[in-house]
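Residue-level listing of the chains:
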Amino acid sequence: TSGSWKDLRQGKVLKQGAIVRTGGGDSKIDLFLDVNGPVVRVTENTQMGIDNLMFERTGVETVITTGLDLKEGRILGRVRKMAQASRYEVKTPNGVAGIRGTKYDISASGLLKVIEGSVLMVWVDALGAVKNYIVNAGQQFNPNLPGIQPLDPNVANQINQQINSIPEGAPIAGEAPVILPPDLDNIQDQINRDGQPPTPYEGRSESSGENGGDGGD
């Protein structure tokens, strides 16, 4: 991404078009998507774009459209059971994971691990062939191996614990926000205003639990 990176602090509100990245070590960013999630953890050495965050309340149900662009690294998250017309997709350089109410762990390499629910993985192989895989709870998709493989229960348990540790922030009124656990005293100063171009953010974990970071190119 061209231009400078801005520090990402706890309580920052992000909109569609934002890009976040983390450094090494124990760096991570926890995002609260409210009705569009609810939660995603961006792990160390990861860059992810927020392509789409929309929802429509029909009176009977809420239809969401969530699109994340995992450019490098790894994310994991929890998704509520969704209306039939809803879409929650994670794009990687060589595929798209269509997620239904589930707990998932996905890397930009295409490695997908499903803890609960199911995921439709659409993968483009080295020859350009498009292949569809249904990955259910307790299974993984590894593009370097044929078909679907069972997921080691110990690995699944570790991932589940990580997902369950992601905090949910308080909802903010307005257009499907993506936020970190909010610092409500400063939230008005931290809004990424409508009409601004996509903004890159960088974060790293601090001992206090807040996320910040040094800008870079």
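Basis of the calculations
- Residues numbered from 1 in each chain as written.
- Predicted model: local features only at pLDDT ≥ 70, side-chain atom pairs only at ≥ 80, totals over all residues.
- Heavy atoms only, no water.
- 1 Å grid on protein atoms, 1.4 Å probe; cavity = no way out; pocket = protein on both sides within 12 Å on 5 of 7 lines; lining within 4 Å.
- Points joined across faces, edges and corners; volume = space filled by probe spheres on them.
- Nonpolar A, V, L, I, M, F, W, Y, C, P; charged D, E, K, R; others polar.
- Helix = DSSP H or I, 4+ residues; strand = E, 2+ residues; numbered from the N terminus.
- Phe/Tyr/Trp six-rings, centres within 6.5 Å; stacked < 30°, edge-to-face > 60°.
- Buried < 20%, exposed > 50% of the residue type's maximum accessible area, 1.4 Å probe, protein only.
- pLDDT = per-residue confidence, 0-100.
- Contact = heavy atoms within 4.5 Å.
- Pairing = 2+ DSSP bridges.
- Salt bridge = Lys/Arg side-chain N within 4 Å of Asp/Glu carboxyl O.
- Core = buried A, V, L, I, M, F, W, Y, C linked by side-chain atoms within 4.5 Å.

Participant: In this structure, what is going on with the layout of surface pockets? I would like to understand it.
Facilitator: Picture a little ball the size of a water molecule; that probe, rolled over the atoms, points out where space is still empty. Empty space within the largest pocket amounts to approximately 150 Å³. Lining the largest pocket are Val35, Arg57, Glu61, Thr62, Ile64, Arg80, Lys81, Met82 and Ala83. For the lining of the largest pocket, the class distribution of residues is 4 nonpolar, 1 polar and 4 charged.

Participant: Help me understand unusual backbone geometry in this model?
Facilitator: Phi is mostly negative for residues that are not glycine, and the peptide bonds are mostly trans. Although it is not a glycine, aspartate 34 adopts a positive phi angle of roughly 55°. Examined against the element boundaries, aspartate 34 turns out to sit in the loop between β4 (29–32) and β5 (38–42). Unlike most non-glycine residues, asparagine 45 shows phi in positive territory, near 55°. Topologically, asparagine 45 is positioned in the loop between β5 and β6 (47–57).

Participant: Honestly, the packing of aromatic side chains in this entry has me stumped. Any pointers?
Facilitator: How two aromatic rings sit relative to each other is given by the distance of their centres and the angle of their planes. Summed over all chains, the structure comprises 3 aromatic pairs. With a centroid separation of 4.7 Å and 35° between ring planes, the pair formed by tyrosine 133 and phenylalanine 141 is classed as tilted. Phenylalanine 141 sits in the buried class, given a relative accessible area of 1%.

Participant: Please explain the confidence of the model for the protein as it appears in this structure.
Facilitator: Low pLDDT means the predicted coordinates in that region are not meant to be read closely. Per-residue pLDDT for the protein has a mean of 79; in total, 76% of the residues score no lower than 70. Here residues 170–199 scores under 50 on pLDDT; set against residues more than four positions off or in separate chains, the count is 71 contacts.

Participant: In this structure, what is going on with the pairing of strand β8 (residues 74–79)? I would like to understand it.
Facilitator: Looking along a regular strand, one sees the side chains alternate between the two faces of the sheet. The element β8 is largely enclosed, with a buried count of 5 among its 6 residues. Summarising the sheet, β5 and β8 pair through 5 bridges and their orientation is antiparallel. Across the sheet, the residue bridging to valine 42 is isoleucine 75, located in β8. Here 5 bridges tie β8 to strand β11 (residues 103–107), and the two strands are oriented antiparallel to one another. By the bridge assignment, arginine 74 is partnered in β11 with serine 107.

Participant: I would appreciate a short explanation of the pattern of salt bridges in the present structure.
Facilitator: Opposite charge on two side chains makes pairing possible when the charged atoms of those side chains draw close. Here the structure, examined in full by the defined rule, presents 8 salt bridges. Salt-bridge contacts for aspartate 69 lead to lysine 71; the nearest nitrogen and oxygen are separated by 2.9 Å. Accessibility expressed as a relative area gives 12% for aspartate 69, which makes it buried. Between lysine 103 and glutamate 116 there is a salt bridge, with its nearest N and O atoms 3.6 Å apart. Of this pair, lysine 103 sits in strand β11 while glutamate 116 sits in strand β12 (residues 112–116), placing them 13 residues apart in sequence. The exposure class of lysine 103 is buried, given its relative accessible area of 9%.

Participant: Where do I start with the pairing of strand β13 (residues 118–124) in this structure?
Facilitator: What you see with β13 is a clean split: Val119, Met121 and Trp123 sit on the buried side and Ser118, Leu120, Val122 and Val124 on the side with no burial. Pairing of strand β10 (residues 95–99) with β13, which is carried by 5 bridges, proceeds in the antiparallel orientation. Paired with alanine 97 across the two strands is methionine 121, which belongs to β13. Count of turn residues in the β13/strand β14 (residues 130–136) antiparallel hairpin: 5 residues, of which glycine 128 carries a positive phi of about 90°.

Participant: Any chance you could explain the nonpolar core here in plain terms?
Facilitator: Where a protein is soluble and globular, its nonpolar side chains tend to be buried together. Counting 33 residues, the largest nonpolar core has Met48, Ile75, Tyr88, Val90, Tyr104 and Ile106 as its most contacted members. In contact with isoleucine 75, not counting residues within four places along its chain, are Val40, Arg41, Val42, Thr46, Met48, Leu68, Leu70, Val90, Tyr104, Asp105 and Ile106. Counting 6 residues, the second-largest nonpolar core is a separate cluster that includes Leu76, Leu151, Ala156 and Ile159.

Participant: I keep staring at the environment of isoleucine 19 and nothing clicks. Help me out?
Facilitator: Its location among the elements puts isoleucine 19 in strand β3 (residues 19–22). With relative accessibility at 13%, the residue isoleucine 19 sits in the buried group. Sequence-wise, isoleucine 19 and methionine 48 are 29 residues apart; in three dimensions their C-alpha atoms are separated by 5.7 Å.

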